[in-house]
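# A structural walkthrough
Below, each chain spelled out in residue letters.
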Amino acid sequence: MTMLNMSGIYSGVQARIKQVSLLADFVPCSAHSLNLVGSCAANCCKEANDFFLFIQNIFVFFSSSTHRWHKLSQYSISTVKSLSTTRWSAREDACHSLKKNWSSIKQVLEELINDDYEKPFVRSEARGLIRQMNKLETAYMTVFWSDILHTFNKTSLLLQSVDIDISTVVSLYNSLIEYVQTLRSMFNDYEKLAKTMFDNDDLIPDYEHKNRKRKKRNDESIEPDAIFNGRENFKINTIYIISDNLIEELKKRKISYDDIIPKYLFFLNISEQKTSEVRDGAKKLRKIYKNDLDETFENECVHFQSLLKTIKNPTNIINMCKFIKEKNIEAIFPYVYVALRMFLCTPASNCSTERSFSTLRRIKSYLRSTMSSERLNSLAILNIESSITKMIDYNDIIKSFASKQSRRKV
């Protein structure tokens, strides 16, 4: 059996759907795409891989022994965290905890090294971890990745909201691109922050000098490779590579949304555009969806623009659609209402849908293997819509159920 790729443009699910409906648009989940951007950047170079492996080794070293875990908890406010391959927020928690407990972790490791009652392999492992922490590169990567992961995690949580649309997704991706480009030019600032993580200014280490020798082929020139000192080598071959990889991955993931936005671009700032621009944009959209939009669509858009100028202008397409529904003016703008709903029905994220499937796993466990489909669906709806379920008054329901199930003779 062959596995089909969801985003495959030649033989994947996207291509199969396109064969049935040519007007179907492929939109990847914005939150999952952002997660893949971070994963690619975390694996783009050896130094990034080594850093996240070091974070995981710190967690494994302390969590594998209750004695060491208790010893760390006496010095630190919070505990160290583990990495996760699926949850990007777990990486942010792990990196933040390392930055917050930096001095406490070093103190505990030094005590374990000097403790003659500890086993030799424990002291050797602690010595290896503290040797890694005494590198300026590790301190730099801690403060650098802590800021990146914090920003990406906050953006990912916003991308998972139910009421987000594609225009907001594009704006958030553009903001992340600008943010990473800013970080690329802040090497000196992060270097100062990394040096503050060392207690004694006289003991601040320097960057390791690494110049890897590359084997040359016979047809290559014999000119020597550029030789950098440790600082320049770390800056160019690590920080710039991570930053550039993040920027390129963000731009590549954003292309899928850029292909959809131009069709509805005249709606996004309709009140600020000229009437001719609105009419041209509506005409292009009507040519694409001939069976859904009538010839009067262009005139409706111009009329809708005039209406928005006379009132408080809705900020986005969701508010425009709500405005038409609340004012009960669908009969005046029927095809404008259709076009707005077409845009809003294009999913920007499917995280909330996946949580519905994970809810079923919590409801139907091995203890409830014989549950009927009707009861399973009812419990799933109650669990998914828990915010509404908590507001229900169950007194009448309990009385009604008790009266129907009562076996006592009145």
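Residues numbered from 1 in each chain as written. Predicted model: local features only at pLDDT ≥ 70, side-chain atom pairs only at ≥ 80, totals over all residues. Heavy atoms only, no water.

## Regarding the overall build of the protein chain
The number of helices and strands found in the protein chain is 20 helices and zero strands. When the 410 residues of the protein chain are sorted by exposure, 39% land in the buried category. Restricting the contact set of the protein chain to residue pairs at least 6 apart, pairs at least 24 apart contribute 68%. Carbon and sulfur atoms make up 52% of the accessible area of the protein chain, which totals about 25500 Å². (Helix = DSSP H or I, 4+ residues; strand = E, 2+ residues; numbered from the N terminus. Buried < 20%, exposed > 50% of the residue type's maximum accessible area, 1.4 Å probe, protein only. Contact = heavy atoms within 4.5 Å. Areas by Shrake-Rupley, 256 points an atom, 1.4 Å probe, with all protein chains shown as cover.)

## Some remarks on helix H4 (residues 66–75)
Among all positions in H4, only Arg68, Lys71 and Leu72 are buried. Along the axis of H4, the buried residues cluster in a sector spanning 95 degrees; they form a single face. Opposite the packed face of H4, turned more than 90 degrees from it, sit the exposed residues Thr66 and Gln74. In this structure, the buried side of H4 is in contact with helix H3 (46–63), helix H6 (102–114) and helix H7 (120–133). (Arc of directions from axis to C-beta.)

## Quick look at empty space enclosed by the protein
With the rule as written, the count across this model stands at one cavity of 30 Å³ or more. Looking at the largest cavity, its volume works out to about 50 Å³. Along the walls of the largest cavity sit Ile55, Ile58, Phe59, Val80, Lys81, Ala94, Ser97, Leu98 and Ile105, which together make up its complete lining. Broken down by secondary-structure element, the contributors of at least two residues to the lining of the largest cavity are H3 and helix H5 (88–100). The residue makeup of the lining of the largest cavity, split by class, is seven nonpolar, one polar and one charged. (1 Å grid on protein atoms, 1.4 Å probe; cavity = no way out; pocket = protein on both sides within 12 Å on 5 of 7 lines; lining within 4 Å. Points joined across faces, edges and corners; volume = space filled by probe spheres on them. Nonpolar A, V, L, I, M, F, W, Y, C, P; charged D, E, K, R; others polar.)

## Focus: the pattern of salt bridges
Applying the stated criterion across every chain, the model contains eleven salt bridges. As a salt-bridge pair, Lys254 and Asp258 come within 2.8 Å of each other at their nearest N and O atoms. Note that Lys254 and Asp258 are positioned in helix H11 (residues 230–258) at a spacing of four residues, about one turn of the helix. The buried category is assigned to Lys254, whose relative accessible area is 11%. Each of Glu191, Arg231 and Glu232 takes part in one network of salt bridges that share partners. (Salt bridge = Lys/Arg side-chain N within 4 Å of Asp/Glu carboxyl O.)

## Quick notes on the confidence of the model for the protein chain
Averaged over the protein chain, the pLDDT score is 82; the fraction of residues at 70 or greater is 85%. When pLDDT is averaged over each helix and strand of the protein chain, the minimum, 65, is found for helix H17 (residues 351–363) and the maximum, 91, for H7. (pLDDT = per-residue confidence, 0-100.)

## Re the state of the cysteines
In the structure shown here, the tally under the stated rule is zero disulfides. Distance from the sulfur of Cys44, which forms no disulfide, to the nearest cysteine sulfur (Cys45) is 4.1 Å. Using a relative accessible area of 24% as the deciding quantity, one classes Cys44 as partly exposed. Residue classification places Cys45 among the buried residues on the basis of a relative accessible area of 8%. (Disulfide = S-S within 2.5 Å.)

## Regarding the packing of aromatic side chains
Within this structure, the stated rule accounts for 16 aromatic pairs. Their ring planes at 85 degrees and their centres at 5.2 Å tell us that Phe61 and Phe62 sit as a pair that is edge-to-face. Summarising the burial analysis for this pair, Phe61 and Phe62 share the class buried. Across the ring face of Phe61, the terminal group of Arg68 is positioned such that the distance to the ring centre comes to 4.5 Å. (Phe/Tyr/Trp six-rings, centres within 6.5 Å; stacked < 30°, edge-to-face > 60°. Lys NZ or Arg CZ within 6 Å of the ring centre and 35° of its normal.)

## Considerations on helix H2 (residues 30–42)
With 13 residues, H2 extends 19 Å from end C-alpha to end C-alpha; this agrees with the ideal 18 Å at 1.5 Å per step. Among the residues of H2, those classed as buried are Ser30, Ala31, Ser33, Leu34, Asn35, Val37, Gly38, Ala41 and Ala42. (Expected span 1.5 Å × (residues − 1).)

## Describing a nonpolar patch on the surface
Judged by side-chain polarity, Ile388, Ile392, Tyr394, Ile397 and Ile398 come together as a nonpolar surface patch covering roughly 460 Å² of accessible area. Along the chain, Ile392 turns up in the loop between helix H19 (386–389) and helix H20 (395–405). (Patch = residues over 30% accessible without salt bridge, like charges linked within 9 Å, V, L, I, M, F, W, Y side chains within 5 Å.)

## So, the packing of helix H13 (residues 275–288) against helix H14 (residues 297–310)
A packed helix pair is summarised by two numbers, namely the angle formed by the two axes and the spacing between the axes. Where H13 meets H14, the closest approach of the two axes is 8 Å, and the angle between their N-to-C directions is 140 degrees. With respect to H14, the axis of H13 lies oblique. Judged by the twist between their axes, the crossing of H13 over H14 is right-handed. Contacts between H13 and H14 involve Thr275, Val278, Arg279, Ala282, Lys283, Leu285 and Arg286 from the first element and Phe297, Glu298, Asn299, Cys301, Val302 and Gln305 from the second. (Axes fitted to C-alpha atoms, helices over the stretch in contact; angles between N-to-C directions. Parallel < 35°, antiparallel > 145°, perpendicular 65-115°, else oblique. Left-handed = near helix turned anticlockwise from the far one by under 90°.)

## What to know about the packing of H2 against helix H8 (residues 136–159)
One can describe the packing of H2 onto H8 by two numbers: an axis separation of 9 Å at closest approach and a directional angle of 165 degrees. In terms of orientation, H2 lies roughly antiparallel with respect to H8. The two elements H2 and H8 meet at a crossing, and its hand is left-handed. Facing H2, whose interface residues are Ser30, Ala31, Leu34, Val37, Ala41 and Ala42, H8 presents Trp145, Phe152, Thr155, Ser156 and Leu159. Its residues placed into classes, the contact of H2 with H8 shows eight nonpolar, three polar and no charged.

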